[in-house]
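# Analysis of the macromolecular model
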Amino acid sequence: MRNLDEISLELGALRADNEEAKKQRDRLFEELKEVNRKLSVIPMLSEDLDAIKPHINEYRKLKNRGVGLIIGIALAAGGVGASFLKFLQGFSSGH
């Protein structure tokens, strides 16, 4: 049979473990509250993104037009440059 001191020591250890577990649970609940608070912002961000989506699409259209325009200008400039070189070659070989 155990003596009363051993039982008292074990009971004290169990109480200490229980207190530490309670502190850990409280910290976890606080962290969960923080995560929940951060996640509650997501619907508001979604609404904000829906509001600016037309502007983003317009920007993409303009960007694509600009890239197309630059490519067209580059092709035209290449053609003019090639024609100019052909002209210069014909001019220099003719004399």
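Scroll up a little and you will see the structure.
Here we summarise the structure given alongside this text. These figures come from a predicted structure and were not determined experimentally.

### Here's the deal with the environment of glycine 90
When you line up the elements, glycine 90 lands in helix 2 (residues 42-94). When the C-alpha atoms of glycine 90 and glycine 72 are compared, they prove to be 27 Å apart, with 18 residues separating the residues in sequence.

### Side note on the pattern of salt bridges
Counted according to the given criterion, the structure contains four salt bridges. Here aspartate 26 makes a salt bridge to lysine 22, at a shortest N to O gap of 3.2 Å. With aspartate 26 and lysine 22 both in helix 1 (residues 4-39), this residue pair falls four residues apart, about one helical turn.

### Details of the environment of asparagine 57
Tracing the backbone shows asparagine 57 in helix 2. Overall, asparagine 57 belongs to the partly exposed group, its relative accessible area being 34%. In the structure, asparagine 57 is positioned 28 residues away from phenylalanine 29 in sequence and 42 Å away in space, judged by C-alpha atoms.

Conventions used here
Residues numbered from 1 in each chain as written. Predicted model: local features only at pLDDT ≥ 70, side-chain atom pairs only at ≥ 80, totals over all residues. Heavy atoms only, no water. Helix = DSSP H or I, 4+ residues; strand = E, 2+ residues; numbered from the N terminus. Salt bridge = Lys/Arg side-chain N within 4 Å of Asp/Glu carboxyl O. Buried < 20%, exposed > 50% of the residue type's maximum accessible area, 1.4 Å probe, protein only.

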